[in-house]
Amino acid sequence: MQHDNYRRLNRQDYKTLSLAALGGALEFYDFIIFVFFAAVIGDLFFPVTMPDWLRQAQTFGIFAAGYLARPLGGVVMAHFGDLVGRKRMFSLSILLMALPTLAIGMLPTYSSIGIAAPLLLLLMRVLQGAAIGGEVPGAWVFVAEHVPRQRMGFACGTLTAGLTAGILLGSVVATLINTLLPAATIVHGGWRIPFFLGGIFGLVALYLRRWLQETPVFIAMKSHKTLAEGLPLKSVITHHKKAIVVSMLMTWLLSACIVVVILMTPTYLQKQLAIPATLTLQANSLATIALIFGCITAGWVVDRLGASKTFIIGSLFFGVCSGSFYYLVAQNHQLLRVMYTLVGFSIGVVGAVPFVLVRAFPAEVRFSGISFSYNLAYAIFGGLTPIFVTLIMRLTPMAPAYYVLALAMIGLGLGIYLRREVNPLSQIETRLVEPLSSGN
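Residues numbered from 1 in each chain as written. Predicted model: local features only at pLDDT ≥ 70, side-chain atom pairs only at ≥ 80, totals over all residues. Heavy atoms only, no water.

1. A word on the packing of helix H13 (residues 232-239) against helix H18 (residues 366-393)
Stage number 1. Look at H13 against H18: their axes get within 9 Å of each other, and the N-to-C directions meet at 70°. With respect to each other, H13 and H18 are oriented roughly perpendicular. Crossing handedness for the pair H13 and H18: right-handed. Taken together, the residues of H18 that come into contact with H13 (itself represented by Pro232, Leu233, Val236 and Ile237) are Ser368, Gly369 and Phe372.
Stage number 2. Classifying every residue of the contact of H13 with H18 by side-chain character gives 5 nonpolar, 2 polar and no charged. (Axes fitted to C-alpha atoms, helices over the stretch in contact; angles between N-to-C directions. Helix = DSSP H or I, 4+ residues; strand = E, 2+ residues; numbered from the N terminus. Parallel < 35°, antiparallel > 145°, perpendicular 65-115°, else oblique. Left-handed = near helix turned anticlockwise from the far one by under 90°. Contact = heavy atoms within 4.5 Å. Nonpolar A, V, L, I, M, F, W, Y, C, P; charged D, E, K, R; others polar.)

What follows is the structure, given as structure tokens:
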């Protein structure tokens, strides 16, 4: 077992990691592409007579429905993931994302079927939300239970980088379509292309996931008959309250950093600082690429320094970079690209979040524990952060800076808390996997 914990990643580990990251990237692409075409979709799926503000509000309401469906989908999938296997749910989540994405690309518009058009669109978004609610916790659990214990951080960080790459892919595809096709062509069907692409890519990723194997930890639990009895979620809520709180705060850090710095800041730069859209979007792409590398770096560091030091150092670095970014760019627009790239890299500390989440819950209820905490926190903080930041902006134009500095303080506090937190899970899992390793 000693050998298994300290060995390097082998070919099978890299295959598992790359297929999981690819699937995660495509799922995030499918989920996020809606945002880039929200204006066109709003015009086509609601009555022409409807006021523009109401049409936009309803379109974003349909987008938000995807977030609200995450906890339900995540908890249901995690329940079966803890009882019947990680791999089955891992395949189901990508199928549940690919089919609605493909369907959105085929939906008739309001002019063809009237009120049924926005209702069908809403249904597809709810299915997508349920899928991504199961995919992200499922992917973290799947990968963490496959790789050696000493490489868990790197694996989780790489997977989180893959999810970020999905956002970047959505941005690139949207930019290409808006650049290559005239506006009239996009309205008359060009908007459907990214949904077709996402659906087809998702089905290809589903096919590739056939080659993945069930996690050694789940196989060991099954053979030892130590799977959760009754409802895994009930056990999580009854026995792991502290782990739920830590995991929800970690998810707040993860979700809100990306929502504010990557998704909201380009609009803030354009409206508050009058920086041209092309420049802000270029800088935003650089920041997203830097975030991908930051997540992998944080995963690598957490394997070497542990969670406590990683979050103490990483949160201080993030706080300094983000505070400097909003202050200096307001003074000098020439610094935008460099500072945005630096702050993008610094929020890569969130790449170490899944490492903490995976270690917070015992193996028999791990999927349910992560899924419940992550999805509930994501639905609350992912949904409320834009509203909260917009409200503070009426008081001060530096609202995003203050919000992300508060997040850095939360990250620092979590890092200090984790110093005294002893992880009791390693012995349990070592005992579970040991007979399996010696039998190999």
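2. Focus: the side chain of Arg366
Stage number 1. With respect to the secondary-structure elements, Arg366 resides in helix H18.
Stage number 2. The exposure class assigned to Arg366 is buried, which follows from its relative accessible area of 2%.
Stage number 3. Looking at Arg366, its side chain comes within polar contact range of the main-chain oxygen of Val358, at 3.0 Å. (Buried < 20%, exposed > 50% of the residue type's maximum accessible area, 1.4 Å probe, protein only. Polar contact = N/O pair within 3.5 Å; in protein donor to acceptor, adjacent residues only side chain to side chain.)

3. What about the packing of helix H2 (residues 11-36) against helix H11 (residues 193-208)?
Stage number 1. Between H2 and H11, whose axes approach to 10 Å, the crossing angle comes to 160°. The angle between the axes of H2 and H11 places the two elements in the roughly antiparallel class. Both H2 and H11 take part in a crossing whose hand is left-handed. When H2 is examined against H11, the residues Leu19, Leu22, Gly23, Leu26, Tyr29, Asp30, Ile33 and Phe34 are found in contact with a partner set consisting of Pro194, Phe195, Leu197, Gly198, Gly199, Phe201, Gly202, Ala205 and Leu208.

4. Considerations on the packing of aromatic side chains
Stage number 1. Considering all chains together, one arrives at 9 aromatic pairs under this definition.
Stage number 2. Taken together, the ring pairs in this structure connect Tyr268, Phe325, Tyr326 and Tyr340 into an aromatic cluster.
Stage number 3. Over the face of the ring belonging to Tyr378 we find Arg70, whose NZ or CZ atom lies 4.0 Å from the ring centre.
Stage number 4. When the ring centre of Phe34 is taken as origin, the NZ or CZ atom of Arg125, which lies over that ring, is 4.9 Å away. (Phe/Tyr/Trp six-rings, centres within 6.5 Å; stacked < 30°, edge-to-face > 60°. Lys NZ or Arg CZ within 6 Å of the ring centre and 35° of its normal.)

5. Section: the nonpolar core
Stage number 1. Counting 118 residues, the largest nonpolar core has Trp140 and Trp191 as the members making the most contacts within it.
Stage number 2. The biggest single contributor to this core is helix H14 (residues 241-273), with 18 residues.
Stage number 3. Setting aside chain neighbours within four positions, we find Trp191 in contact with Phe37, Val40, Ile41, Leu44, Phe45, Ile104 and Ile186. (Core = buried A, V, L, I, M, F, W, Y, C linked by side-chain atoms within 4.5 Å.)

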